[in-house]
Amino acid sequence: MTKPASTVTPNTWEFLRDAMITPTGFREYDARWKYPDDINLPGITALGLGLGTQMHARGIEPVIAVGNDYRDYSLSIKNALMLGLMQAGITVKDIGPALSPMAYFAQFHLNAPAVAMVTASHNPNGWTGVKMGFERPLTHGPDEMAELRDIVLEGRGQPRPGGAYEFVEGVREAYLDDLVGDFKMTRKLKVVCATGNGTASAFAPELFRRLGVEVVDSHNALDYTFPHYNPNPEAMEMLHDMADSVRASGADFALGFDGDGDRCGVVDDEGEEIFADKMGVIMARDFAKLHPNSTFVADVKSTGLFASDPELQKYGAKSDYWKTGHSHMKRRVKELGALAGFEKSGHYFLAEPVGRGYDCGMRVAVEICKLMDRNPDKSMSDLRRALPQTWATPTMSPYASDTEKYDILDRIVQKLVTKAEAGEKIGGRAIAEVITVNGARVMLDNGGWGLVRASSNTPNLVVVCESPESEAEMRAIFADIDAVIRTEPGVGDYDQSI
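The structure presented is a predicted model; accordingly, all values stated were derived computationally and were not measured. (Residues numbered from 1 in each chain as written. Predicted model: local features only at pLDDT ≥ 70, side-chain atom pairs only at ≥ 80, totals over all residues. Heavy atoms only, no water.)

Some thoughts on the packing of aromatic side chains
Quick reminder of the rule: Stacked, edge-to-face and tilted are the three classes for Phe, Tyr and Trp ring pairs, Trp counted by its six-membered ring, which pair at centre distances within 6.5 Å; planes under 30 degrees apart are stacked, over 60 edge-to-face, the rest tilted. The helix and strand labels rest on DSSP assignments: H or I over at least four residues marks a helix, E over at least two residues marks a strand, and numbering proceeds from the N terminus. Note on geometry: a ring has a charge over it if NZ (lysine) or CZ (arginine) is within 6 Å of the ring centre and within 35 degrees of the ring normal.
Enumeration over the complete set of coordinates arrives at 12 aromatic pairs. Geometrically, the ring pair formed by Phe105 and Tyr175 is tilted, given 5.8 Å between the ring centres and 50° between the ring planes. With a gap of 70 residues between them, Phe105 in helix α4 (residues 100-109) and Tyr175 in helix α6 (residues 171-180) connect regions that are remote in the sequence. Each member of the aromatic cluster is reached from another via a ring pair, and the members are Phe296, Phe306, Phe342 and Tyr348. Looking at Arg332, its charged tip hangs above the ring of Trp322, at a distance of 3.9 Å from the centre.

Encoded structure:
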């Protein structure tokens, strides 16, 4: 095949005929573009041809499960992708509209070695992308993505005979059956189910009802215009709406899901938002009792409690802080044989015997219901208050262009390391160490910390801060970290801030 053009100009003869792909869409662990601004349908077909070529090059059996999220253009994208895969001699098993974790489940259910899920996840409409993987339950990480990028952009996709197409019925039903198993609630539970009109609307309400949970519907009608807000349970807009629904209905808690259903957000019975890392500690405490001496992986944006919580220590739990990103976390959980991984963004990776190791918001919802069933005398707010208190910012993302953000981050990391070496303070506290496994996590002498890293899938940096002392100290940590960030003129406004 010829090399794709790197510039995309809609409404031209070439746009309908030639593959056009903006190279920045190949990210650290996802492929993600604005459509049709950054990629056209022939470009998606070239991506499919490249992915199929990569499968052959790696000796993967040429069979792939393919699904798409619920956006008005996702089916067109998937059809173009499948065309390229078949052109590469791959047998495509089309599972229809799906959640990302349903596509991961299909790899096991259909015994398909590979998966490609067309989704822009929680990105707003106008974005598209593909989550893909060859080794269950893992998805492409930086090495695989770089290899795929080079195959596609250098025009090295190789057509070959043998491609085939099969539409597979019943995967959604099998997925729901697998999630529910033979479990039924023994306590009464009333839950706000928030899906932001996204793909999870076709799954979550039915899942809760099958568990025996009373459902309070919140924007559960499928609508790919997302008329209320973009389904993203890390965004305060969605969390605040969930809190309002809890207060209005007297529900026990609210669970919210992102656009492709691999993340879950929680609001308790008092309308308090429990950030996913804190919810992870609540779940880890429960799992640690059932499975003593377990290892839990947390991403670098997460609370320090995984390491310091006395309740986890009591059951011999070990913690490991690792790179943010669903591919990095899945791989780390598998490498360490960890029971679970928790990411502040709401990705939870529940491994055997709880789950299969991939991130599934529906599986998290089931396990939270089971957790509440094992604690019939406790409310969600009781479990939240039982944690040692810390004050944390939401995830905040200042603009930094995709072409500059990594260089900007390198300079910021160096400035923070220099501050530490000079004995300077952050938030009035001495710096204990700077962890640079993924950006810079500045650890303070009292367990407080501030993080700055580059977003892997949007043109942004990511900033999170936490204090075990007070809100004032958390704000002071943020002010000092932000002051360093502001030395970089290429950094723009925050999407949300404290």
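What about empty space enclosed by the protein?
Operational definition: Cavity: a set of points on a 1 Å grid over the protein atoms alone where a 1.4 Å probe fits but cannot get out. Pocket: an open set with protein on both sides within 12 Å along at least five of seven lines, its lining residues, like those of a cavity, having an atom within 4 Å of a point. Grid points are joined across faces, edges and corners, and a volume is the space filled by probe spheres set on the points. All amino acids are sorted into three groups, where Ala, Val, Leu, Ile, Met, Phe, Trp, Tyr, Cys and Pro are nonpolar, Asp, Glu, Lys and Arg are charged, and the leftover types, Gly among them, are polar.
Across all of its chains, the model carries 1 cavity of 30 Å³ or more by this definition. Of the voids in this model, the largest cavity is the one considered here, and its volume is about 100 Å³. At 3 residues, strand β10 (residues 264-268) tops the list of elements feeding residues into the lining of the largest cavity. Tallied by class, the residues present in the lining of the largest cavity amount to 8 nonpolar, 4 polar and 2 charged.

Description of the pairing of strand β19 (residues 440-444)
Rules: Relative accessibility decides the category of a residue: with a 1.4 Å probe and only protein chains considered, values under 20% of the type maximum give buried, values over 50% give exposed, and everything between is partly exposed. A pair of strands is treated as paired once DSSP finds two or more bridges between them.
Of all 5 residues that make up β19, 5 are buried, and the element is covered over most of its length. With burial as the criterion, each face of β19 is covered, one bearing Ala440, Val442 and Leu444 and the other bearing Arg441 and Met443. Here 4 bridges tie strand β18 (residues 429-435) to β19, and the two strands are oriented antiparallel to one another. Directly across from Ile431, in β19, lies its bridge partner Leu444.

Considerations on the layout of surface pockets
A water-sized probe rolled over the atoms picks out the places where empty space is left. As a reminder, the rule being used: How far each domain reaches was decided by an automatic or database domain assignment.
By volume, the largest pocket is sized at about 760 Å³. His122, Asn232, Glu234, Ser397 and Thr458 are the residues nearest the centre of the largest pocket, which is lined by 38 residues in total. Counted by class, the lining of the largest pocket contains 9 nonpolar, 18 polar and 11 charged residues. Considering only enclosed or pocket space, the second largest pocket measures out at about 520 Å³ in volume. Counting only elements with at least two residues in the lining of the second largest pocket, the list comes to β11 (273-274), α14 (380-385), β16 (391-392) and α16 (471-485). Its residues placed into classes, the lining of the second largest pocket shows 9 nonpolar, 2 polar and 6 charged. Both domain 2 (181-388) and domain 3 (391-494) contribute no fewer than three residues apiece to the lining of the second largest pocket.

Considerations on the domain arrangement of the protein
Just so we agree on the cut-off: By definition, the buried area sums, over both parts, the 1.4 Å-probe accessible area that each loses when the two are put together. A pairing counts as a salt bridge when a side-chain nitrogen of Lys or Arg comes within 4 Å of a carboxyl oxygen of Asp or Glu. Think of a polar contact as two N or O atoms within 3.5 Å of one another; within protein, one of them needs to be a possible hydrogen donor and the other a possible acceptor, and neighboring residues in sequence only count if both atoms come from side chains.
Here the protein is described as being made up of domain 1 (13-168), domain 2 (181-388) and domain 3 (391-494). Inter-centroid distance (C-alpha atoms) of domain 1 to domain 2 is 28 Å. Counting the surface lost from both domain 1 and domain 2, the interface buries some 2,700 Å², and carbon and sulfur atoms represent 60% of this. Counting the surface domain 1 buries against domain 2, the share from its top three residues, Tyr70, Leu99 and His122, is 27%. Connecting domain 1 to domain 2 are 4 salt bridges. Across the salt bridge formed by Lys334 and Glu135, the nearest N and O atoms sit 3.1 Å from each other. For the interface between domain 1 and domain 2, the tally reads 18 residue pairs in polar contact (both at pLDDT 80 or more). Ranked by residue count, the leading element in the side of domain 1 that touches domain 2 is α4, at 6 residues.

Quick look at the sheet that holds strand β20 (residues 449-454)
The following threshold applies: Note on contacts: a residue pair qualifies if any of its non-hydrogen atoms lie within 4.5 Å across the two residues. Note on geometry: axes are lines fitted to C-alpha atoms, helical ones only across the stretch in contact, with angles between N-to-C directions running from 0 to 180 degrees.
The strand order across the open sheet built from 6 strands is β16-β21-β20-β19-β18-β17, with neighbouring strands paired in antiparallel fashion. Each end of this open sheet is capped by a strand with a single partner; those strands are β16 and β17 (425-426). Helix α15 (residues 405-421) rests against β17, β18, β19, β20 and β21 (461-467) of the sheet, and its axis sits at about 155° to β20. Most of the contacts of α16 go to β21, to which it runs at about 150°, and overall it touches β16, β17, β18, β19, β20 and β21.

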